[in-house]
Amino acid sequence: MKPHFLMTLIASSALAACATTEIVPIAEGDGVEPPAQLLGTLEVAADPPPPVQEPPQQTRRGRTPSPLEALAAANTAARQRPTPDGFDAARHVFAYEPGALYELYTNPNYVSTVLLEPGETLTDIAAGDTSRWMVTEAIAETESDPRTIVLLKPHATGLRTNIVLITDRRTYLIEAVSQAGSAYSAQVAWSYPQALGPTIAGTPVDRLNFAYRIRTVRGGTPIWSPTRVFDDGRRTWIEFAPGVAAADMPPLFIVTGEGAELVNYRVQGQRYMIDRVFDRAELRLGTRARIVVRIDRERAGS
């Protein structure tokens, strides 16, 4: 057999075998190892997972109050009401504070009065409800010591309004309440506690003389006993505790070698102002059970 023919026969047999042999797919896990060229793995780069967001932490802070709630809370904190220790007979004396709301209880069967500081002039009155409230001005007390009085009277019970008094010295904010029954505010007034400022009558505080001795020489120590006395070399001030300015105040006597002399003074809130400097003075009140408080000016080196 020729070599050429033999090679052709072998090739033909191989092709025939390939055409008739069934190729069975290899199932995974059938115990047959895959061809070596299939053992590699294909790695595909994946996008990184999104970051895990922490849930918002719950705070324990309360909610922010609304503007109306904040306003109501501020008014409640600023509101001043009558207290048992604030009365001088039927007159209730408030300690004046700028921005405070002073509650005044009224009754349709009675007239309530508001008493201003001696010498204080009322420049304007404004009321929230002018149709159901009577608000008028009057001048009373004495001709030598005139004081402005505001008269208030509601026309019915169950009313509430605000009244603003503007004077040449300050502004008063009043909340008037109308109620039934027999209780009502007969009169309200103010004391004017105020710290001594950097100057008084143009004189620096460090140039004022506070070297005064105050003592009760007759009777018990009264509520109107001065808290301090000072002068600027020309004038003298006698200062009282808050709540005393609207009460019965004692007259002032200058004591000299010739006796006691009643002197004039001006009331400035909770102070007397005397247009002179004295060595000794006395505050006297009462007739049978007289109370005397003596004020002595101490000299340097004494």
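Note that the coordinates shown come from a computational prediction; the quantities given were computed from them, not determined experimentally.

*Asks:* Explain the pairing of strand β9 (residues 160-167) here, please?
*Replies:* On any regular strand, side chains alternate: one points to one face of the sheet, the next to the other face. Pairing of strand β6 (residues 122-127) with β9, which is carried by 5 bridges, proceeds in the antiparallel orientation. Residue Leu122 lies in a different strand from β9, and its bridge partner there is Thr167. As paired elements, β9 and strand β10 (residues 171-178) share 7 bridges and run antiparallel to each other. Directly across from Arg160, in β10, lies its bridge partner Val177. Connecting β9 to the next strand, β10, in antiparallel fashion are 3 residues.

*Asks:* Honestly, the sheet that holds strand β20 (residues 271-274) in this entry has me stumped. Any pointers?
*Replies:* Across a sheet, paired strands are connected by hydrogen bonds in the backbone, their directions being either parallel or antiparallel. Strand order in this open sheet of 4 strands is β15-β16-β20-β19, and the pairing throughout is antiparallel. The open sheet terminates on both sides in strands that have one partner only, identified here as β15 (228-231) and β19 (266-268). Here the strands of the sheet are splayed against their neighbours by 25° on average, with no regard to which way each runs. Note: β19 against β20, 3 bridges, orientation antiparallel. The residue of β20 that forms the bridge with Arg266 is Met273.

*Asks:* Looking at this structure, how should I read the sheet that holds β10?
*Replies:* One open sheet accounts for 5 strands, arranged β1-β4-β10-β9-β6; its pairing is mixed. This sheet does not close on itself; its edge strands, each paired only once, are β1 (79-80) and β6.

*Asks:* Whenever I open this one, the nonpolar core confuses me. Can you help?
*Replies:* Side chains of nonpolar character tend, in soluble globular proteins, to be buried together. Counting residues in each nonpolar core, the largest one holds 20 residues, and the members touching the most others are Val114, Leu116, Leu152, Leu165, Tyr172, Ile174 and Trp190. Contributing elements (two or more residues each) for this core: β4 (101-106), β8 (146-154), β9, β10 and β11 (187-191). With 3 residues, β10 is the largest single contributor of residues to this core. The contacts of Leu152, once residues within four sequence positions are left out, are Leu104, Tyr110, Val111, Ser112, Val114, Met134, Ile163 and Ala176.

*Asks:* How should I be thinking about the side chain of Arg170 in this particular structure?
*Replies:* Along the chain, the position of Arg170 falls in the loop between β9 and β10. When its relative accessible area of 17% is taken as the criterion, Arg170 is described as buried. A distance of 2.9 Å separates a polar atom in the side chain of Arg170 from a polar atom in the side chain of Glu117. A polar contact of 3.1 Å, which involves the side chain of Arg170, links it to the side chain of Glu120.

*Asks:* Even after reading the chapter, I still don't get the pattern of salt bridges, so can you show me in this structure?
*Replies:* Side-chain pairing between opposite charges can occur once the charged atoms of the two side chains come close. Summed over all chains, the structure comprises 19 salt bridges. A salt bridge links Arg132 to Asp129; the nearest nitrogen and oxygen atoms lie 2.7 Å apart. In this structure Arg132 comes out as partly exposed when scored by relative accessible area, which is 42%. Measuring nitrogen to oxygen at the nearest pair gives 3.1 Å for the salt bridge that ties Arg235 to Asp232. By relative accessible area, Arg235 is classed as buried at 16%. Asp232 sits in the buried class, given a relative accessible area of 17%.

*Asks:* Explanation requested: the packing of aromatic side chains in the structure shown.
*Replies:* Two numbers describe a pair of aromatic rings. These are the distance of the centres and the angle of the planes. The final tally for this structure, using the stated rule, is 12 aromatic pairs. With a centroid separation of 6.3 Å and an interplanar angle of 35°, the aromatic rings of Phe94 and Trp190 are classed as tilted. Here Phe94, found in strand β3 (residues 91-95), pairs with Trp190, found in strand β11; they are 96 residues apart in sequence, far enough to count as distant. Of the two residues, Phe94 and Trp190, neither departs from the other in class, the shared state being buried. Between Tyr96 and Tyr172 the ring centres are 5.4 Å apart and the planes differ by 65°, which places this aromatic pair in the edge-to-face class.

*Asks:* Before we go on, may I ask you to explain the environment of Val188 in this structure?
*Replies:* In this structure, Val188 sits in strand β11. Judged by relative accessible area, Val188 falls into the buried class, the value being 4%. Spatially, the C-alpha atom of Val188 lies 9.8 Å from that of Asp88, the residues being 100 residues apart in sequence. Apart from residues no more than four positions distant in its own chain, Val188 is found in contact with His92, Phe94, Leu104, Thr113, Val114 and Leu115.

Rules used throughout
- Residues numbered from 1 in each chain as written.
- Predicted model: local features only at pLDDT ≥ 70, side-chain atom pairs only at ≥ 80, totals over all residues.
- Heavy atoms only, no water.
- Pairing = 2+ DSSP bridges.
- Helix = DSSP H or I, 4+ residues; strand = E, 2+ residues; numbered from the N terminus.
- Axes fitted to C-alpha atoms, helices over the stretch in contact; angles between N-to-C directions.
- Core = buried A, V, L, I, M, F, W, Y, C linked by side-chain atoms within 4.5 Å.
- Buried < 20%, exposed > 50% of the residue type's maximum accessible area, 1.4 Å probe, protein only.
- Contact = heavy atoms within 4.5 Å.
- Polar contact = N/O pair within 3.5 Å; in protein donor to acceptor, adjacent residues only side chain to side chain.
- Salt bridge = Lys/Arg side-chain N within 4 Å of Asp/Glu carboxyl O.
- Phe/Tyr/Trp six-rings, centres within 6.5 Å; stacked < 30°, edge-to-face > 60°.

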